[in-house]
Structure formats: structure tokens, C-alpha cells
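Listed below are the residues making up each chain.
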Amino acid sequence: MAHIDAGKTTTTERILYYSGYTRSLGDVDDGDTVTDFMAQERERGITIQSAAVTFDWKGYRVNLIDTPGHVDFTLEVERCLRVLDGAVAVFDASAGVEAQTLTVWKQADKHKIPRICFLNKMDKTGASFNYAVESIREKLKAKPLILQLPIGEARTFQGVVDVVNKEKLLWNSNSGDGKDFERKPLLETSDPELLKETIEARNSLIEQVADLDDEFADLVLGEFSDNFDLVPAEKLQTAIHRVTLARAAVPVLCGSALKNKGVQPLLDAITMYLPSPEEREYGFLQWYKGDLCALAFKVLHDKQRGPLVFLRIYSGTLKPQLAIHNINRNCTERMSRLLLPFADQHVEIPSLTAGNIALTVGLKQTATGDTIVSSKSSALAAARRAGRGEKKPGENNEAESLLLAGVEIPEPVFFCTIEPPSVAKQPDLDHALDRLQREDPSLKVRIDPDSGQTVLCGMGELHIEIIHDRIKREYGLETYLGPLQVAYRETILNSVRATDILDRTLGDKRHFVRADLEARPGEAPSSRAVIEYADCVSEDLVQASREAIENAVHSACLQGPLLGSPVQDVAITLHSLMIHPGTSTAMVNACVSRCVQKALKKAEKQVLEPLMSLEVTVTGDYLSPVLADLAQRRGNIQEIQTRQDSKVVIGFVPLAEMMGYSTVLRTLTSGSATFALEFSTYQAMSPQDQTALLNQRSGLAQVL
């Protein structure tokens with residue numbers, strides 16, 4: 001996991017080569033890497049879909065997933081971290097911690113993932129080991145354990161020093177693929193300076209680990225208090241392993257994947273310090289007692305085989321032709337074949353045990369985040385063991401309580417309409433979008449109720465562009481994209497009361513409802529309306545029609561009075577509700593909904609727009625044109641940091657102003673600047689901007 005262009009795919013490519021899985025070294029620029037196999041990835045030189053590969057290294061089986069770095073594909077990182085036991089964070093040694101590094105680091109924190117840091121690109125001009133380590137310490141608030149020191153930096157980078165074993169690893173400059181390297185002990189005679197530096201680094205490493213691990217501290221203070229030099233490497237390694245598992249610190253290694261240096265020691269560190277599946281504690285496993293329990297974390301569509309579902313097996317064994325039960329969808333499906341994933345090549349296997357990642361063929365219903373068990377009875381037995389037999393309000397059955405936590409799907413911020421070339425192609429487009437949504441849950445598709453158009457909702461311009469491209473290539477449909485739109489929200493600024501009466505006679509039945517409610521700004525920000533009931537409203541009445549009332553309020557808040565955007569940060573208090581006996585719930589729903597809309601219309605209204613946090617990395621010469629451009633875009637600059645030779649501008653900019661920003665930025669800076677954009681929050685628009693937006697929207701309606 002890493003920021004864009006830190007070298008994840010290149011590192012993966014080297015790992016596969018040295019572990020003997022591939023025969024030749026692929027290159028992102030040549031478009032022949034194993035894990036970037038989609039046409040779009042090869043053309044753009046970026047990773048879009050995470051790819052899983054299984055390989056062996058020195059007697060260990062390793063499941064590796066190469067993830068994307070762009071913020072538009074955050075969900076890919078999220079769902080892979082959800083099912084993995086450890087992560088390697090890759091850093092560009094000349095840039096240290098960048099915007100997206102922070103995001104993936106937070107995601108790993110959320111899933112409690114132990115990780116190793118790999119400072120890549122040590123051969124790049126401007127690479128600085130100390131700067132990168134410092135930025136990990138400061139920006140990620142992590143404790144770096146320096147296990148390697150570089151020998152030379154930038155052009156002079158030749159190899160690394162293994163601090164734990166006091167050895168130097170030098171890669172033979174004549175060997176083209178970096179397979180041959182020498183391990184030499186550091187000697188006083190040949191490298192006095194390097195040895196002195198290594199001993200200092202090792203002593204401070206021992207102190208750091210002893211601070212974090214009591215068992216190791218006792219050992220050091222007991223036997224080796226006079227001379228840290230005598231601490232055996234094995235004892236130090238076991239202690240580092242424990243500290244890494246406890247997530248108290250992160251081991252730091254360095255190298256250059258492109259120049260084939262430092263990858264083998266990284267593989268050794270992965271097997272030595274990151275946890276095996278047995279070492280990760282999962283509370284729910286004890287209830288399954290060895291029965292099958294797995295989580296579906298990704299779906300791909302294959303032209304020949306249909307949907308391929310990636311599963312992480314937590315306990316039990318998977319076999320082909322096995323019937324499995326999906327707790328989330330409450331259905332039983334049969335798996336026809338079981339495959340081991342090797343990017344886009346798959347190997348059929350007879351069975352797979354816990355801790356592995358499997359690819360299954362034949363599961364039609366399963367989607368991302370579903371929990372898979374061997375049968376319904378096994379799920380109920382596990383639920384009983386967990387002592388969840390007693391009913392909790394709102395819980396339908398015992399199996400529900402055993403769902404594994406799924407994957408949180410971020411809210412989309414970009415919208416645009418998509419149209420097929422002709423009406424006859426609409427079913428094909430719906431089919432394609434249906435499949436793409438199953439593969440990528442962060443893509444949402446909805447039908448605009450007013451115009452009947454299909455609206456794509458995604459995570460950013462790049463995301464929508466890639467989806468459009470995939471529809472064209474994979475499904476052969478030439479579609480048209482409408483202009484990108486921004487997901488606005490609305491809210492109210494003052495309290496308003498409204499009353500509504502609905503009195504209808506249908507047949508011989510009289511339906512009568514009278515609602516009196518108040519809408520006011522919510523105290524805490526929340527995307528759904530908060531519903532409260534006044535004391536005078538009778539408890540029985542509320543119990544009987546609670547569902548109708550809540551559905552009415554939420555549906556009324558889906559379309560605000562100004563732009564028809566969802567209303568957020570509001571609280572609704574129901575002051576009185578009179579319902580004639582025999583009135584249907586649909587009438588209660590209609591009356592309350594109408595009443596809420598009345599109240600929202602009366603109130604002072606405010607449009608909220610999505611605010612993005614922006615980080616632009618630019619050389620000093622181009623700083624002023626970039627700042628001038630951001631000022632025109634209603635940007636709010638928070639700070640300007642110095643990162644070695646370049647400046648990093650950090651600030652907030654409304655999403656509406658960021659359309660096509662990448663092109664403008666390239667033009668302004670002759671292609672030298674990079675930027676990272678991420679959704680931050682919703683903020684109120686200024687009165688002038690709001691009026692301009694409303695005029696533009698109503699003006700468009702007149703033109704049409």
C-alpha cells in the first residue's frame with residue numbers, strides 16, 4: 001500500500017521474480033507487469049484493480065495483493081486490508097510521507113494491521129533515508145525501527161547494511177536482474193566508519209525494542225547489560241516480531257525496486273516480522289470450532305467463467321463442488337471450482353485451508369463483504385455457542401450476530417449522466433453497469449426521477465473515466481457521458497413548525513391524519529434526519545406507526561426544496577399526531593412526509609457543497625502561479641511545507657471548482673507538479689455563490 005507512484009507494482013514484480021514465480025522482470029513503463037493486467041492499467045501505467053498473487057518464499061506460502069494508490073480507488077485498498085494479516089507500506093525515499101500514504105496508513109490503523117515500511121527509490125536524485133524516516137515519525141506518529149541503513153544515496157546507492165546481523169549486502173553491478181548479492185560481515189579493517197555507524201544504530205534499536213517489549217528488556221538488562229553487542233540476532237528478531245505484531249512500532253527497510261536492490265531482504269522481513277494467519281486474533285473464530293468461515297472481499301467478471309469471487313478463509317477448508325451458505329443474503333449456493341489466484345492466470349486446486357485467499361467459480365449471488373459458512377445449521381450452531389441465543393430488539397435471527405464486519409463503502413462525490421447510443425442498447429448498458437457495480441461497490445448507479453436518465457456516481461473524475469472506458473472495451477458499448485456534476489447537500493438554518501391534515505374517504509373508509517411537527521438545525525452533523533417525539537405524543541401511537549413516520553421523514557429529506565439534493569444536519573420533532581382509527585399506514589406516511597416538506601420550504605435554506613482537501617507538490621519556481629490559480633478557485637490555503645527541493649501546498653477547495661484541474665495544473669507547471677485530492681467534509685456556500693448556483697440551475701431549466 002502506498003501513495004501514487006511510490007513503486008508498489010514494481011516492488012511486487014521484483015518479489016515475484018525472486019520467488020521464482022516469473023521468469024523475466026516486468027516493467028510498469030513497458031506495460032508487461034504481472035499484476036497490472038487490465039488494458040487501462042497498461043496504457044496509463046497505474047494500478048486500478050487490486051490483483052492477488054500467491055507464491056512461496058523459503059518454505060512460507062505468501063498471499064500478496066498489489067493495491068492502487070489513487071484516492072479514486074480507495075475502496076480497493078480498504079477491502080484488501082480488511083482481509084489481510086499484514087501490510088508493506090512503500091515510500092518514495094525522496095518524498096517521504098505523501099497525502100495518500102496518510103490515507104492508507106489510517107485505513108491500516110482502522111483494521112489493526114501490523115506493517116513494515118519499505119523506503120523505495122533510494123537511487124533517485126534527492127533520495128534521503130533520514131528525511132523519509134523522520135517524516136514517518138512526525139506525520140504518521142509511528143515509531144520506526146531502523147533495521148537497515150543504505151550504503152550510499154541517490155547515484156551512489158549500492159546496497160544496504162543489515163543492522164541486526166551487522167552485515168553489508170552489496171548487489172553485483174554486473175548482474176542485470178539483481179539475483180546475486182553478497183552478504184559480508186562488517187569488519188573493523190575494511191569498513192571502520194560503517195561498522196561504527198551500524199553498532200550505534202543497533203544499540204539504539206535494542207534500546208527502542210527493550211522499551212516496547214518487557215520480555216526482551218528483562219533479557220537485555222539481565223544477561224547483556226554491560227555489552228549490547230553480544231545480544232544474539234535471533235533474540236532481537238523475535239522481539240521485533242512481537243513488537244510489530246503489537247503494532248507498537250514499524251520495522252523500516254530500504255532499497256530500490258527498479259534497480260533490483262533490497263527486495264530479497266524485504267521478503268525475508270515479511271516472513272520474519274509480519275504475522276502468520278495463526279498469530280492474528282479473531283474473536284469470532286472460537287465459535288466456529290474449525291467449521292468453514294470466510295469473507296468475500298472482491299468480485300470479478302470473467303467472460304468464460306462468469307463471476308469469480310475472492311474469499312479469505314478464516315477457518316475450515318474449502319473444496320470444489322461444495323454447497324456454502326451466505327449469511328448476508330440468506331441463500332445457499334454451490335461452488336463449482338476452486339482456484340488459486342495468480343493475477344489474471346489461475347490454477348485449479350483440490351482444496352484450500354484457513355489463512356489462504358481463494359478464487360471461487362459459480363457463486364452467483366455473493367457480493368463484497370458477505371460472510372460465507374458451510375451451512376445454515378453451522379451458522380446457527382456457532383451463534384448458539386457465542387451465547388447470542390437471547391433475542392435483542394431489531395435482530396431477526398441468531399445468524400445475524402455472526403456476520404463478519406464487511407467493508408465500509410465511501411460516499412460518492414462525482415456524478416454524471418450516462419446514455420447508450422440508442423434505446424435498443426439500454427438493456428445492455430444496464431447489464432454492464434450491474435456487473436461493474438458488483439465488482440466495484442464504490443460505483444453507484446441511480447435513475448434520475450425527473451429526467452429518467454441513468455446517473456453514474458463515483459469517487460472522482462478518473463474513476464468515472466475508467467468505468468466509461470471499461471464499458472466500451474469489455475462490453476462493446478459506445479456510451480455518452482454528460483457533464484460531471486457535484487453532489488450538493490442542503491440544510492436549514494432556523495426552526496420552523498408546520499401542520500398538515502390529510503382527510504380522504506376511499507370507498508366506505510375515512511382516512512384522517514393530522515400532523516404537527518417542527519424542523520430545526522441538528523446539533524451534531526449527521527447525514528440522516530434525527531427524529532424526536534414530544535412528551536405529549538402518546539407512546540402507543542408512536543409504537544404503532546413508528547416505521548411509517550420514520551420512512552416518511554427520511555424520504556422527505558431525500559429531496560430538498562432548493563436543488564432537490566438530500567437534506568442533512570436536521571432534527572425533526574413530532575409535536576402531535578392524530579390518526580383516525582382504520583387509517584392506512586400509507587396515509588400516515590404521506591401526511592408526515594408532506595408536513596416535513598412544508599416545514600423545510602418555510603425555513604431559511606442553505607446549500608452545502610463538498611469540500612476537498614488538496615495537496616499540491618510543486619517546485620519553488622512554479623509556486624506563485626499555482627497559488628494564484630487556487631485563489632481563483634475559492635481555495636483556502638492552510639500551509640505551505642517544504643519537502644526537500646519542492647513546496648507542498650495544503651489546503652481546501654470546493655469540488656465544484658476542481659473540474660479538469662489536472663490539465664490546468666500540468667499546463668501551469670510544465671507538467672512538473674502532482675496533486676492529491678480527497679473528500680473532506682460539506683461546508684456552507686456563501687450567499688453570492690449560492691445565488692449564482694441557483695440561477696444557473698433555474699436558467700438551465702428555461703433553456704431546455
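Look up: the structure comes first, before these words.
Quick caveat, the model's predicted, so the values are computed rather than measured.

Criteria and cut-off values
- Residues numbered from 1 in each chain as written.
- Predicted model: local features only at pLDDT ≥ 70, side-chain atom pairs only at ≥ 80, totals over all residues.
- Heavy atoms only, no water.
- Helix = DSSP H or I, 4+ residues; strand = E, 2+ residues; numbered from the N terminus.
- Rg over C-alpha atoms; globule rule 2.2 N^0.38 Å.
- Buried < 20%, exposed > 50% of the residue type's maximum accessible area, 1.4 Å probe, protein only.
- Areas by Shrake-Rupley, 256 points an atom, 1.4 Å probe, with all protein chains shown as cover.
- Lys, Arg positive; Asp, Glu negative; His and termini not counted.
- Charge placed at Lys NZ, Arg CZ, Asp CG, Glu CD.
- Pairing = 2+ DSSP bridges.
- Axes fitted to C-alpha atoms, helices over the stretch in contact; angles between N-to-C directions.
- Contact = heavy atoms within 4.5 Å.
- Expected span 1.5 Å × (residues − 1).
- Parallel < 35°, antiparallel > 145°, perpendicular 65-115°, else oblique.
- Left-handed = near helix turned anticlockwise from the far one by under 90°.
- Nonpolar A, V, L, I, M, F, W, Y, C, P; charged D, E, K, R; others polar.
- Salt bridge = Lys/Arg side-chain N within 4 Å of Asp/Glu carboxyl O.

S.K.: Is there a simple way to think about the overall build of the protein in this case?
M.R.: Along its length, the protein carries 18 helices and 34 strands. For the protein, whose C-alpha radius of gyration is 29 Å, the value lies close to the compact-globule estimate of 27 Å for 704 residues. Dimensions along the principal axes, computed over C-alpha positions, put the protein at roughly 105 × 65 × 55 Å. Burial status across the protein gives 53% buried among its 704 residues. Only carbon and sulfur atoms are counted for the fraction: they give 49% of the accessible area of the protein, which is about 31800 Å². Side chains of the protein carry 77 positive and 95 negative charges; the gap between the two charge centres is 5 Å.

S.K.: Whenever I open this one, the sheet that holds strand S27 (residues 496-506) confuses me. Can you help?
M.R.: Within a sheet, adjacent strands bond to each other through the backbone by hydrogen bonds, running parallel or antiparallel. Reading across the sheet, the 4 strands line up as S27-S28-S30-S29 and stay open at both edges, with mixed pairing between neighbours. The open sheet has two free edges, formed respectively by S27 and strand S29 (530-533), since each of these has just one partner strand. Adjacent strand axes in the sheet meet at a mean angle of 25°, parallel and antiparallel pairs treated alike. Sheet analysis places S29 next to strand S30 (residues 570-579), joined by 4 bridges and oriented parallel. If you follow Ile531 over to S30, its bridge partner there is Ile572. Sitting on the sheet, helix H15 (residues 585-602) touches S27, strand S28 (509-521) and S30, and the angle it makes with S27 is about 150°.

S.K.: What exactly am I supposed to notice about helix H4 (residues 99-110) here?
M.R.: Between the first and last C-alpha of H4 there are 17 Å, a value that for 12 residues agrees with the 16 Å anticipated at 1.5 Å per step. Those residues of H4 not exposed but buried are Ala99, Gln100, Thr101, Thr103, Val104, Trp105, Gln107 and Ala108. Where H4 ends, the next residue or the one after it, Lys112, has phi of about 55°, a positive value.

S.K.: What's the story with the sheet that holds strand S5 (residues 144-146) in this structure? I'm lost.
M.R.: The 4 strands are arranged S3-S4-S10-S5 in an open sheet whose pairing can be described as parallel. Two strands close off the open sheet at either side, each with one partner strand: strand S3 (87-92) and S5. Each adjacent strand pair in this sheet contributes to an overall mean axis angle of 30°, direction not counted. Of the strand pairs in this sheet, strand S4 (residues 115-120) and strand S10 (residues 250-254) are connected by 3 bridges, and their pairing is parallel. In the sheet register, Leu119 faces S10, and the bridge partner there is Cys254.

S.K.: Could you clarify how one ought to interpret the packing of helix H12 (residues 426-439) against helix H13 (residues 461-475) in this entry?
M.R.: Between two packed helices, both the angle of their axes relative to each other and the distance between the axes serve to describe the pair. Viewed as axis vectors pointing N to C, H12 and H13 meet at an angle of 120°, and their least axial separation amounts to 11 Å. The orientation of H12 relative to H13 falls into the category oblique. Relative to H13, H12 is oriented so that their crossing is right-handed. Where H12 approaches H13, its residues Leu429, Ala432, Leu433, Arg435, Leu436 and Glu439 are matched on the opposing element by Ile467, Arg470, Ile471 and Tyr475. Class assignment for the residues of the contact of H12 with H13 results in 7 nonpolar, no polar and 3 charged.

S.K.: I'm lost on the packing of helix H6 (residues 192-212) against helix H7 (residues 214-223) in this one. Help?
M.R.: The contact between H6 and H7 brings their axes to 6 Å, and the two run at 125°. With respect to their mutual orientation, H6 and H7 come out oblique. For the pair H6 and H7, the sense of crossing is left-handed. Of H7, the residues touching H6 (which contributes Ile206, Val209, Ala210 and Leu212) are Asp214, Phe216, Ala217 and Val220. Its residues assigned to classes, the contact of H6 with H7 comprises 7 nonpolar, no polar and 1 charged.

S.K.: Is there a simple way to explain the pairing of strand S8 (residues 167-171) in this structure?
M.R.: Of all 5 residues that make up S8, 4 are buried, and the element is covered over most of its length. As defined by bridge partners, strand S7 (residues 159-162) adjoins S8 across 4 bridges and the pair is classed as antiparallel. For Val161, the partnering residue across the bridge sits in S8 and is Lys168. Between the end of S7 and the start of S8, which pair antiparallel, lie 4 residues, with Lys166 showing a positive phi angle near 50°.

S.K.: Help me out: how do you make sense of the pattern of salt bridges in this one?
M.R.: Here the idea is simple: oppositely charged side chains can pair when their charged atoms come close. Here the structure, examined in full by the defined rule, presents 32 salt bridges. The salt bridge involving Arg473 is made with Asp469; its shortest N-O contact spans 3.6 Å. Residue Arg473 and its partner Asp469 are located together in helix H13, separated by 4 residues, close to a single helical turn. On the basis of relative accessibility, which here comes to 38%, the residue Arg473 falls in the partly exposed class. Residue class for Asp469 comes out buried when judged on its relative accessible area of 15%. Linked by salt bridges that have partners in common, Glu609, Arg634, Glu657 and Asp689 make up one network.

These results come straight from atomic positions and should not be treated as a statement about function.
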